[in-house]
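Next come the chains, spelled out residue by residue.
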Amino acid sequence: MDIQKKHWLKYGIFLLLLACVILLHTTAWLLLTALIILSIAMLAVDRFRYIKTYCAIAIFGTGAEMVIISISGAWTYALPVLFGVPVWTFPMWGIAGLCFITLADVFRENKVE
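Below or above, wherever it landed, is the structure these notes cover. Predicted, not measured: the structure shown is a model, and the values here were computed from it. Counting of residues starts from 1 at the beginning of each chain's written sequence and follows it residue by residue. Reporting of local features is limited, given that this is a predicted model, to residues whose pLDDT is at least 70; pairs of side-chain atoms are given and counted only at 80 or more, and all residues count toward the totals for whole chains, interfaces and linings. Heavy atoms from the whole structure form the basis of all side-chain values; hydrogens and water molecules are not counted.

A look at a nonpolar patch on the surface
So, point 1. Patches were defined on residues exceeding 30% relative accessible area and lacking a salt bridge, with like-charge contacts within 9 Å and nonpolar side-chain contacts (Val, Leu, Ile, Met, Phe, Trp, Tyr) within 5 Å. Only the protein chains shown count as cover for residues, with accessible areas throughout obtained via the Shrake-Rupley method and a probe of 1.4 Å. Note on definitions: salt bridges are taken to be side-chain nitrogens of Lys or Arg within 4 Å of carboxyl oxygens of Asp or Glu. A surface patch of nonpolar side chains, amounting to about 440 Å² of accessible area, comprises Leu15, Leu18, Ile22 and Leu23.
So, point 2. Secondary structure counts use DSSP, requiring at least four H or I residues in a row for a helix and at least two E residues in a row for a strand, with both numbered from the N terminus. One can find Leu23 in helix H1 (residues 3-24).

Right under this line is the structure:
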């Protein structure tokens with residue numbers, strides 16, 4: 001698959017993530033399942049090359065949210081499960097991080113500075 005198709009596929013998966021969060025946010029476990037499936041699809045596009053990066057972003061992104069919410073209470077979720085955040089934030093952060101990596105790749109390939 002050529003690089004352009006990969007990028008568009010990843011952004012399509014990201015749009016599905018947004019749709020899932022909007023439509024399924026009241027059913028945390030169903031949303032978690034959908035985001036895990038989307039995570040596997042996103043990672044499979046690059047043959048799981050970014051799995052460590054995905055895990056690090058998922059852990060640190062969710063961890064940062066937990067700290068900020070517990071210290072400041074800056075925002076709340078409708079159905080928090082772990083220290084003020086729902087369980088589905090882990091794969092959400094991972095997918096979002098991979099989309100930013102893809103965006104950086106596009107800028108690098110097109111020499112955008």
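There is more to say after this.
Some details on the environment of Ile95
So, point 1. One can find Ile95 in helix H4 (residues 89-109).
So, point 2. Working definition: with a 1.4 Å probe on protein chains only, accessible area under 20% of the residue-type maximum means buried, over 50% means exposed, and in between means partly exposed. The class for Ile95 is buried, based on a relative accessible area of 0%.
So, point 3. Sequence spacing of Ile95 and Tyr54 is 41 residues, and the spatial spacing of their C-alpha atoms is 7.1 Å.

Looking at the environment of Asp105
So, point 1. Turning to its location among the elements, Asp105 is positioned in helix H4.
So, point 2. When the C-alpha atoms of Asp105 and His7 are compared, they prove to be 9.0 Å apart, with 98 residues separating the residues in sequence.
So, point 3. Any two residues whose heavy atoms approach within 4.5 Å at even a single point are treated as in contact. When near neighbours in sequence (up to four residues on either side) are disregarded, Asp105 contacts His7 and Tyr50.

Details of the pattern of salt bridges
So, point 1. In total, this model carries 3 salt bridges according to the counting rule given.
So, point 2. Asp46 serves as the salt-bridge partner of Lys6, at 3.9 Å between the closest nitrogen and oxygen. Of this pair, Lys6 sits in helix H1 while Asp46 sits in the loop between helix H2 (28-45) and helix H3 (51-72); the two residues are 40 residues apart in sequence, bridging distant segments of the chain.
So, point 3. Residue Asp46 is classed as buried on the basis of its relative accessible area, which comes to 13%.
So, point 4. Residues joined in a network through salt bridges with shared partners are Lys6, Lys10 and Asp46.

Some thoughts on the nonpolar core
So, point 1. Within this scheme, the nonpolar core is defined by two criteria: the residues are buried Ala, Val, Leu, Ile, Met, Phe, Trp, Tyr or Cys, and they are joined through side-chain atoms within 4.5 Å. In this structure, Leu35, Leu38 and Trp88 are the most contacted members of the largest nonpolar core, which totals 25 residues.
So, point 2. Listed by contribution, the elements that provide at least two residues to this core are H1, H2, H3 and H4.
So, point 3. The element contributing the most residues to this core is H2, with 9 residues.

Looking at the packing of H1 against H4
So, point 1. As a rule, the C-alpha atoms of each element are fitted with a line to give its axis, helices using only the stretch in contact, and angles between N-to-C directions run from 0 to 180 degrees. Interaxial distance between H1 and H4 falls to 10 Å at its minimum, and their mutual angle equals 150°. In terms of their interaxial angle, H1 and H4 are classed as roughly antiparallel. Classified by chirality, the crossing of H4 by H1 is left-handed. Contacts between H1 and H4 pair Ile3, His7, Lys10, Tyr11, Phe14 and Leu17 from the former with Met92, Ile95, Ala96, Cys99, Thr102, Leu103, Asp105, Val106 and Glu109 from the latter.
So, point 2. Three classes are used, and their members are as follows: Ala, Val, Leu, Ile, Met, Phe, Trp, Tyr, Cys and Pro are nonpolar, Asp, Glu, Lys and Arg are charged, and the others, Gly among them, are polar. Considered class by class, the residues forming the contact of H1 with H4 number 10 nonpolar, 2 polar and 3 charged. Angle categories: roughly parallel below 35 degrees, roughly antiparallel above 145, roughly perpendicular from 65 to 115, and oblique for all the rest. A clockwise turn of the near helix away from the far one marks a right-handed crossing, whereas an anticlockwise turn of less than a right angle marks a left-handed crossing.

That's the geometry; what it means functionally is another story.
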